[in-house]
Amino acid sequence: MSMINGFSAADAERLNERERRLIERRERLLGPAYRLFYERPLHTVRGEGVWLYDAAGRRYLDAYNNVASIGHCHPRVVQAIAEQAALLNTHTRYLQEGILDYAEQLLATFPAGLEQVMFTCTGSEANDLALRIARHYTGGSGVIVTNFAYHGVTGDISALSPSLGASIQLPAHARSVRAPDVYRLGPQAGRLFADDVRAAIADLRAHGIKPAALLIDGIFASDGIFAGPEGCIAEAVAVAQAGGLLYIADEVQCGFARTGSHMWGFQRHGVRPDLVSLGKPMGNGQPIAGVVVRPEVLEPFGRSMRYFNTFGGNPVSCAAAQAVLEVIRDEALQQRAAQIGSYLLAGIHQLAQRHELIGDVRAAGMFIGVELVSDRTSKAPAAEQAKRVVNGMRERGVLISAAGPLENILKIRPLLVFEQAHADLLIAALDEALQALA
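- Per an unreviewed UniProt entry, the chain goes by 4-aminobutyrate aminotransferase and derives from Phytopseudomonas argentinensis.
- According to UniProt, the comment filed for the chain under the heading Sequence similarities (unreviewed entry) is "Belongs to the class-III pyridoxal-phosphate-dependent aminotransferase family."
- UniProt, in its Cofactor (unreviewed entry) section for the chain, records the words "pyridoxal 5'-phosphate".

Considering a nonpolar patch on the surface
So, step 1. Together, Leu29, Leu30 and Tyr34 give the surface a local cluster of nonpolar side chains, amounting to about 330 Å² of exposed area.
So, step 2. Inspection of the secondary structure puts Leu29 in helix 2 (residues 17–30).

Focus: the pattern of salt bridges
Oppositely charged side chains can form a pair if their charged atoms are brought close together.
So, step 1. Within this structure, the stated rule accounts for 22 salt bridges.
So, step 2. Here Arg303 and Glu299 are joined by a salt bridge, their closest N and O atoms 2.4 Å apart. Highlighted residues: Arg303 and Glu299, both in helix 10 (residues 295–304), separated by four residues, approximately one helical turn.
So, step 3. Looking at Arg303, the relative accessible area reads 58%, which means it is exposed.
So, step 4. Of the charged contacts in the structure, one is a salt bridge between Asp360 and Arg362, with a shortest N-O distance of 2.7 Å.
So, step 5. Arg362 sits in the buried class, given a relative accessible area of 10%.

Examining unusual backbone geometry
Negative phi characterises most residues that are not glycine, and trans characterises most peptide bonds.
So, step 1. Put simply, Gly228 and Pro229 share a cis peptide bond, and its omega is 5 degrees.
So, step 2. Even without glycine at this site, Ile225 takes up a positive phi of about 60 degrees.
So, step 3. Inspection of the secondary structure assignment puts Ile225 in the loop between strand 9 (211–217) and helix 9 (234–242).
So, step 4. Residue Ile225 is classed as buried on the basis of its relative accessible area, which comes to 0%.
So, step 5. Even without a glycine there, the phi angle at Lys379 is positive, about 60 degrees.
So, step 6. Here Lys379 shows up in the loop between strand 14 (367–375) and strand 15 (380–381).

Considering the state of the cysteines
So, step 1. Counted according to the given criterion, the structure contains zero disulfides.
So, step 2. The thiol of Cys254 is not disulfide-bonded; the next cysteine sulfur, from Cys232, is found 12 Å away.
So, step 3. The class of Cys254 is buried, set by a relative accessible area of 1%.

Here is what the cut-offs are and how they apply
Residues numbered from 1 in each chain as written. Predicted model: local features only at pLDDT ≥ 70, side-chain atom pairs only at ≥ 80, totals over all residues. Heavy atoms only, no water. UniProt positions renumbered as here; feature names shortened; annotations may be inferred. Patch = residues over 30% accessible without salt bridge, like charges linked within 9 Å, V, L, I, M, F, W, Y side chains within 5 Å. Areas by Shrake-Rupley, 256 points an atom, 1.4 Å probe, with all protein chains shown as cover. Salt bridge = Lys/Arg side-chain N within 4 Å of Asp/Glu carboxyl O. Helix = DSSP H or I, 4+ residues; strand = E, 2+ residues; numbered from the N terminus. Buried < 20%, exposed > 50% of the residue type's maximum accessible area, 1.4 Å probe, protein only. Disulfide = S-S within 2.5 Å.

Written out as structure tokens, the structure is:
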């Protein structure tokens, strides 16, 4: 076989017979579109806390997963799911208290004005719904995203997700802009971001397209993890809103306390979204997502059409999501994200003093980007080295990934329940993986 789910025949030679059979079955049964992590794919059979376990019983420190962000198989979430599943699980067209109790607690974490929520199953659906609402409210169709954004997999949203691959061609009603990359654009990155948004709005209008929305992930996770400085998106958001566009804050990756300083990533920038999309970590693995929205934006949409999502906001998912909120509060995970995130950042900065390959380190809480470059002066991306580091850390029992157009930026998203000892393991594995390149 010349290719197995994105892996070459040479990669396949590194697999044991059981792993090879699993991958062959996967390709035969699931088709060629799926991809696996790592040159030697990981066969997971169990998760607990910050650990994933493979079929041989070896454990791996999960420093990438923002789905089970409060820990794999958290007992309180497992209990909430089991108890509710034993009682009732149905759709939202009957009266139920659970969805309302959860909505009240969720909305209480948002600034005033964001006062209503609609539930979906996935972040992709949430972004799709947010875009529908924005288009209905504005009467426009134009959308602005960043150059290497990822917002989901539905038809409309995948077309606005250039990071999905070279085959993604932006539709005529969309424009892409540079993310505010301070490392390469300098301290004027925020102003350039605003200038690009201004130019995109003008270009849409010049082509007879009325703009509807600025859709951005506030930490620019796929573009390269551009965490700051705080406030760097404020001018661009102001330009968009002054031009009649709605600002959709995609919080699927940076929400639910991950950035440490705030519950929601957009709050770091002092901006006021019109809609906020939620996803991955909302149910700690249970499929639940949603759109939080200003009532005046939602009202005309709801007046002219109905929205129904069979599984969105079902009782079991809402029970899981409520348990997640309670764990974040009771275990002080936002504070821990800030504390352990700062500890990790300091440790990786120390590694940068010894490893010339590290060109830049940027972070907000438990979301860290480490840009690898072959030359610090030219800032030439070191994509092959990043791939080797990611796979080297996997062999050392620590799981991370890579981001950016050339995948030269190490993408580190530890579970929010990380402790200092776990951070030390991550730093040591990264040090060893970098040393191995020498």
